[in-house]
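Observations on chain architecture
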2 protein chains.
Amino acid sequence: MADAPKTGQLVLSIDAMGGDNAPGAVLDGIDIARVRHPGVRFLLHGDKGELERLMAGDAGLLAVAEIRHAPDVVGMDDKPSQALRRGRETSMWRALESVKAGEAAGAVSAGNTGALMAMSKFQLRPLDGIARPAIAALWPTMHGQSVVLDVGANVGSEARHLVDFAVMGAAFARAVFGLKTPSVGLLNIGSEELKGNEQVKVAAQSLRDAGLDIAFAGFIEGDDISAGTVDVVVTDGFTGNIALKAAEGTAKLVSHYLREALKRSLLTKIGAFLASGAFRILKARMDPRAVNGGVFLGLNGIVVKSHGGTDGIGFAAAIDLAIDMAKQDMVRRIADDIKGVSGVLSRLAPAAPDATDAAAVPPA
Amino acid sequence: MADAPKTGQLVLSIDAMGGDNAPGAVLDGIDIARVRHPGVRFLLHGDKGELERLMAGDAGLLAVAEIRHAPDVVGMDDKPSQALRRGRETSMWRALESVKAGEAAGAVSAGNTGALMAMSKFQLRPLDGIARPAIAALWPTMHGQSVVLDVGANVGSEARHLVDFAVMGAAFARAVFGLKTPSVGLLNIGSEELKGNEQVKVAAQSLRDAGLDIAFAGFIEGDDISAGTVDVVVTDGFTGNIALKAAEGTAKLVSHYLREALKRSLLTKIGAFLASGAFRILKARMDPRAVNGGVFLGLNGIVVKSHGGTDGIGFAAAIDLAIDMAKQDMVRRIADDIKGVSGVLSRLAPAAPDATDAAAVPPA
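Now for a quick tour of the structure. (Residues numbered from 1 in each chain as written. Chains lettered and ligands numbered in written order. Predicted model: local features only at pLDDT ≥ 70, side-chain atom pairs only at ≥ 80, totals over all residues.)

Examining the overall build of chain A
Helix and strand content of chain A: 15 helices and eleven strands. Counting every position in chain A, which comprises 364 residues, the buried fraction comes to 58%. (Helix = DSSP H or I, 4+ residues; strand = E, 2+ residues; numbered from the N terminus. Buried ≥ 20, exposed ≤ 12 C-beta atoms within 10 Å, placed from the backbone.)

Written as structure tokens, this is what we have:
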């Protein structure tokens, strides 16, 4: 169906069946992405019959995409350990397998986050020196965007993990934002003695002592994220996930307030009509699809998680991120940075293994 | 200066020197509040000379307020333990002392949060059965408001504390929202096995088993807060504080985006002018001063913390909250609810004492 990949040509592996609107939204996303990124090729893992039917007649798509049949799908509510044990036939597993085999530079999936992280850890393995891979998100700010991590790969994090996140987040910011020395802040609830848990205090001291190639800004608070105070915001996966979703909920609430307020009178309705260009801009800036994609950092391979409920526009944004990371040789850069600070990191207390570490669960 | 309090008359104790804009903003706040709450009287703790000078000629204020001289002030950056040891002469300490002595029904301060909580614990003591008092905030939602706690009194929380927070938050919601059976949700990052830390899992099981007079909704996620999914959102102080501030930052960011978008062209400017009534409504709904006030729950007395940078309008909102709590007999209601569930709570593992517990630090 598709030509054999040329040497040096970028290939992405796609979980075509993952997400609430798969495979339709996934194919729509590739259709958008292939125009933005001519020359990139896609391996589509999923139900061959269904994909062929949906792609029939789309010459542009057929020219860049190759279907790889996978009979099974990871459910959005499947437990990660279950998916890991029984999921060898799923489109998600196969998509990651292509990365592991070196056929593809990275994988994109809109499927179950926990399962995707568990399978990614198992197949791609964490980089040497990284105890806990993390999920990084791009967060819109007053000055553009910042990287926030971890936003949900781990339920708790020791100081050592937070230092890893700082190193990985900085490497990501260097590559994606083109910064030489990114500023990094540790999310905390203040700087008074009673404020801040033990992990963030120890992590802050380590980051101060480590002599990393970052501008360590110390502690920042929740409102600093959107203010864009730093390029990289480091926090544990529990807090980061809740902060991210609380912010998404707030953006929705404010939009709701705005719509309600504009409906109040004929005058406000006329005003809203005249200013509709402005509201379109606002909507575009607040469109969660524009920054769709949780990036898995700290693995021997590129994995991007698209929002499960996204459409083609959002999925295309996740593909953009994966391509960016591949072109920037992100995995090698993070590995180099981690090696460069391993002396510093080894002086910290050794990280305890994660009790819920998915990679520890053997597939049946 | 003021008449002697009549029997049954509500008296509030005010830290007149706490906050970035004290005592001006504090006096402005009382001036607003005294009109809304005729009959309420205020004990103003602070610099007598300065307060007399500022209040001179304001007959309305002088009629309801009595100045109590306090020579010292807790600095906004003072460490809580330091404030506790050396702060006996401060306006904050004295304001709480009036509550302890039974002279006032509650205290309001815009000063240093950590110091206020440390002094409150030391002077008013936690209620029987409450290991960790919490700070509750009112959070605007799609359906009105919800209670969120803890938003910063504690840096970490065991399961037992989260259960306490649920009981206290429900009592608060009953009183402030007039609900019979408030719905309560535990903030988490999902319901999959890999998601959620040990504390929230144990707390959820306890809340399910406890037979409390609440509608326990199980786990909720960050975006459920603004959605108004439940009346009471329970979380640890670290996550709650960061979620609250992340949401505040997001609201500011969206407002910024809106202003920028409306400036784009003459047409959008005209539209914005015609719709200005709507933007005033939006601004009022998003005004952080309207829901200003972190309520300290779980103490033998009412303490409300106003935002440090607030003005008179915000300080008046914090006074509103304190008056509401006093009229609803909040302390007794929480004490009763805690007694009612003590059998349930005692079956949980005993709570470890807080290593950074301010109440453990003896004042010099």
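Moving on from the model shown.
Concerning the relation of the copies chain A and chain B
Here chain A sits on chain B after a turn of 180° about the axis and a move of 0.0 Å along it, with an RMSD of 0.0 Å. These values place the two chain copies in the arrangement generated by a two-fold rotation axis. Nearest to the rotation axis, the C-alpha of A:Gly271 is located 1.9 Å from it, this being the minimum over chain A. A high fraction, 100%, of the interface residues of chain A reappear at the interface in chain B, so the copies pair face to face through one surface. (Least-squares fit on C-alpha atoms with pLDDT ≥ 70 in both. Contact = placed C-beta atoms within 7 Å.)

Quick look at the sheet that holds strand β1 (residues 11-15) of chain B
All names here are of chain B. With respect to topology, eleven strands assemble into an open sheet ordered β3-β2-β1-β4-β11-β10-β5-β6-β9-β7-β8, the strand pairing being mixed. What marks the edges here is a single partner per strand, and that holds for β3 (65-69) and β8 (215-220). Pairwise comparison of adjacent strand axes, ignoring direction, gives a mean angle of 25° for this sheet. Looking at chain direction, β1 and strand β4 (residues 106-109) are connected through three bridges and run parallel. Bridge pairing in β4 links serine 13 to alanine 107. Along the sheet, helix α10 (residues 237-262) contacts β5 (134-141), β6 (144-149) and β7 (183-187); its crossing angle with β6, the most-contacted strand, is approximately 145°. (Pairing = 2+ DSSP bridges. Axes fitted to C-alpha atoms, helices over the stretch in contact; angles between N-to-C directions.)

Side note on helix α14 (residues 330-340) of chain A
Residues and elements named next belong to chain A. Listing the buried residues of α14 in full gives Met330, Val331, Ile334 and Asp337. The arc that holds every buried residue of α14, seen down its axis, measures 130°, which confines them to one face. Turned more than 90 degrees from where α14 packs its buried face, Arg332, Asp336 and Lys339 sit exposed. Buried positions along α14 lie against α7 (159-177), β10 (294-297), β11 (302-305) and α13 (312-327). (Arc of directions from axis to C-beta.)

Concerning the interface of chain A and chain B
Each partner contributes residues to the interface: chain A has 63 residues there, and chain B has 63 residues. Elements with a contribution of two residues or more to the side of chain A that touches chain B: α4 (80-86), β5 (134-141), α9 (222-227), α10 (237-262), α11 (266-274) and α12 (276-286) of chain A. Element by element, the count of residues in the side of chain A that touches chain B is highest for α10(A), at 21 residues. Split into classes, the residues belonging to the side of chain A that touches chain B amount to 33 nonpolar, 19 polar and eleven charged. (Nonpolar A, V, L, I, M, F, W, Y, C, P; charged D, E, K, R; others polar.)

A closer look at the nonpolar core
Grouped together as the largest cluster of nonpolar side chains are 245 residues, with contacts concentrated most on A:Leu12, A:Leu149, A:Ala166, B:Leu12, B:Leu149 and B:Ala166. No fewer than three residues from each of domain 1 (1-124) and domain 2 (132-296 + 328-356) of chain A sit in this core. Here A:Ala166 is in contact with A:Val184, A:Leu207, A:Ile214, A:Val232 and A:Val234, once residues within four sequence places are set aside. (Core = buried A, V, L, I, M, F, W, Y, C linked by C-beta atoms within 7 Å. Domains from an automatic or database assignment.)

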